[in-house]
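Next come the chains, spelled out residue by residue.
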Amino acid sequence: MPVFRPHSDITQDCLDAMIVDLQHQSEMEQNFVEANVQGKLVEMPAGEARFSAGVHSRTNSYRYIFDTLNTQASFLDLGLGTFPANSTRGKTDVSEVYGELLVPLLSGKTGAQHLNLELGYRYSDYNFQGGIDTYKALIDWGITDTLRFRGGRQQATRAPNIAEMFQAQSQTWSSTSPGDPCGLNTVASYGANPTFNPNAAQVRALCSQLMSSGASVFYDPATPQPTGSSALWFVNAVGNPNVNPEDATTLTAGFVWQPNTGRALRDGFSGTIDWYEIEIDDMIAVEPGSAVYQACLSPASNPTFDVNNEACRRIIRNPSTGGATASNVSYINAGGALISGVDLAANWQADLSDLGFDRMPGTFSVSFLVSTLLDLTTQSTPTAPVIDWKGSLGPDPGTSLNNGAYDYRTFTTLGYAFNEWNVSLRWRHLPKAKSALQAALESTTGGTSTVLGAEDSYDVFDASATWGFGERTTLRVGVDNLFDTDPVITGARTALDPNPTTGQGTTEAGFYSILGRQLYVGVEAQF
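What comes next is a walk through the structure.

Taken together, the side chains of Y416, F418, W421, V423, W467 and F469 make up a nonpolar region of the molecular surface, amounting to roughly 520 Å² of accessible area. Looking at the nonpolar patch, the elements with two or more residues in it are β15 (408-418), β16 (421-430) and β17 (458-469). As for its placement among the helices and strands, F469 is situated in strand β17.

Our focus in this paragraph is the packing of aromatic side chains. The full count for this structure, using the stated rule, is 14 aromatic pairs. A cation over a ring is seen here: R204 above Y219, with NZ or CZ 4.4 Å from the ring centre. The ring of F218 carries R317 above its face, with NZ or CZ at 5.3 Å from the centroid.

We now examine the pairing of strand β3 (residues 88-109). As judged from the 15 bridges shared by strand β2 (residues 47-65) and β3, these two strands associate in the antiparallel manner. Of the residues in β3, the one forming a bridge with F51 is L101. Taken together, the 14 bridges between β3 and strand β4 (residues 112-126) define a ladder with antiparallel strand orientation. Bridge assignment links E100 to a residue of β4, and that residue is G120. If you look at the hairpin formed by β3 and β4, you'll find two residues sitting between the two strands, and G111 has a positive phi there, around 80°.

Along the chain, the position of S124 falls in strand β4. A residue is classified by how much of its surface remains accessible, and S124, at 5% relative accessible area, is buried. Within the structure, the side chain of S124 is placed 2.7 Å from the side chain of E96, a separation counted as a polar contact. Apart from residues lying up to four places away in sequence, S124 is in contact with V94, S95, E96, G130, G131 and I132.

Right, let's get into unusual backbone geometry. Along the chain, G394 connects to P395 via a cis peptide bond; the corresponding omega equals 0°. Looking at where P395 falls in the secondary structure, it is placed in the loop between β14 (387-388) and β15.

What follows concerns the environment of S298. In this structure, S298 sits in the loop between α6 (289-297) and β11 (315-317). Residue classification places S298 among the buried residues on the basis of a relative accessible area of 13%. Placed 124 residues apart in sequence, S298 and N422 show a C-alpha to C-alpha distance of 64 Å. Discounting residues that sit within four places of it in the chain, S298 has contacts with Y190 and Y293.

With that settled, the discussion passes to the nonpolar core. Core analysis: the biggest nonpolar cluster contains 30 residues, and C207, M211, Y219, Y293, C296 and L297 have the highest contact counts within it. Counting only elements with at least two residues in this core, the list comes to α3 (200-211), α4 (215-218), β8 (231-238), β10 (269-286), α6 and β12 (324-351). For this core, the leading source of residues is α3, giving five residues. In terms of nonpolar packing, the next biggest core, distinct from the first, is built from 15 residues, Y276, A337, I339 and A440 among them.

This part covers the state of the cysteines. Scanning the model with the defined rule gives two disulfides in all. A sulfur-sulfur separation of 2.0 Å characterises the disulfide bridge that pairs C296 with C312. One quick way to see it: the torsion about the S-S bond of C296 and C312 is about 95°, and its sign makes the bridge right-handed. Of this pair, C296 sits in helix α6 while C312 sits in the loop between α6 and β11; the two residues are 16 residues apart in sequence, bridging distant segments of the chain. According to the relative accessible area criterion, C296 is buried, its value standing at 0%. Here the protein chain pairs its bonded cysteines, counted in sequence order, in the arrangement 1-2, 3-4.

Cut-offs applied
Residues numbered from 1 in each chain as written. Predicted model: local features only at pLDDT ≥ 70, side-chain atom pairs only at ≥ 80, totals over all residues. Heavy atoms only, no water. Patch = residues over 30% accessible without salt bridge, like charges linked within 9 Å, V, L, I, M, F, W, Y side chains within 5 Å. Areas by Shrake-Rupley, 256 points an atom, 1.4 Å probe, with all protein chains shown as cover. Salt bridge = Lys/Arg side-chain N within 4 Å of Asp/Glu carboxyl O. Helix = DSSP H or I, 4+ residues; strand = E, 2+ residues; numbered from the N terminus. Phe/Tyr/Trp six-rings, centres within 6.5 Å; stacked < 30°, edge-to-face > 60°. Lys NZ or Arg CZ within 6 Å of the ring centre and 35° of its normal. Pairing = 2+ DSSP bridges. Buried < 20%, exposed > 50% of the residue type's maximum accessible area, 1.4 Å probe, protein only. Polar contact = N/O pair within 3.5 Å; in protein donor to acceptor, adjacent residues only side chain to side chain. Contact = heavy atoms within 4.5 Å. Core = buried A, V, L, I, M, F, W, Y, C linked by side-chain atoms within 4.5 Å. Disulfide = S-S within 2.5 Å.

Next comes the structure, spelled out in structure tokens:
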């Protein structure tokens, strides 16, 4: 099939043989019981101290049944564009108890119109992971009646979900560095290239054992060697009931400013600026294929280069060609991540009469939000390199983080309100971004990826309006992607790639509209 050539080259009978309507089934059941109480704790000099407390018990059950043609058993008959996966089912239970305190420390003082401390603690008992503690300590400091500081520290956890614990063997992949460690061009320090590894001869011998009879083909001088700096890493991932929760420490600090001058045009402004840093330890993620190869080929973990080493037994090579296929992996807690950024928001509104339009009713407003990413780095294992994803479409699927590490994002909204009418126009902007593979290369071996990222910036506009008639009914209408802006192509490959392509039809659907202009109408009624 001409994957990297125009689809017009494909005959209809070929398409009919490949395309199928897959039918998957899923069922999610959640049962929970909770009780909460809140109220006054004690009267303090600065005000009333309040508390809240509660208990919670929750059971989640999930079942997902894949179409037979999507399973590992039907690998040769997979539907176009799918990867083999097996049906999954699992169940989790958790019981929790929590308490929170709101303590006023100061009130009505110079330099402290108010100073409040918010404390919280939660204990969670999971049926697989056991007991886990989380807490928070936040401060709300009204410096003046117009300027306020907010910030604090939170210690949170994320327990593994049902898929991460019970997923049946399913195949996934990522495009990252290094290239095939058994290849003679690899830049892996533990690979078969003597330029980068003094133990290359032993590694090649071990790789030949992994390939069996395919080694004679793979290492034949007439056979082109894989690219040294990057590869498509396929893994057969299975859930791990013993995986532990991941921990996150979050620090925040910010200011809120709301003028109070008695002048309408100035007092209509408000602004916030907030800094955050999130450090994740024991991050839950699929063990990367490169980590399996490193554990197998490195003398630090396999000093005798034994083909029966635990990691080596999880590597699958094509017995005919010797080429890399997949590695058997599971979910582990070896990873870590650091994320930080600054969010800036500015809002302003004023009556049109205050702007000099005495005969025009209503209120005009404008809001602007820019979210700037300062850091986004991950490390898949303690011995793996730290990957800097900032300014890219990464992180790749090998992490548990959402992709889209743009340098910044902006959202601008213009609005007009009159009586029960509200009309707004929103502008969303995304800058250019390099590919995840390029980010991985820059953090490891260096070089230029033949896979391109988002080579164009993206601007899309959405218009909406609401009208409230009566006391309980609201009509809303809108147009998303008002100018029918095309999504940015994110999968192009340069002429230096073995399979160059324009990338037509590939994009990041989570960030770029793939449906074009969309119109909607809705009515909300309260009874």
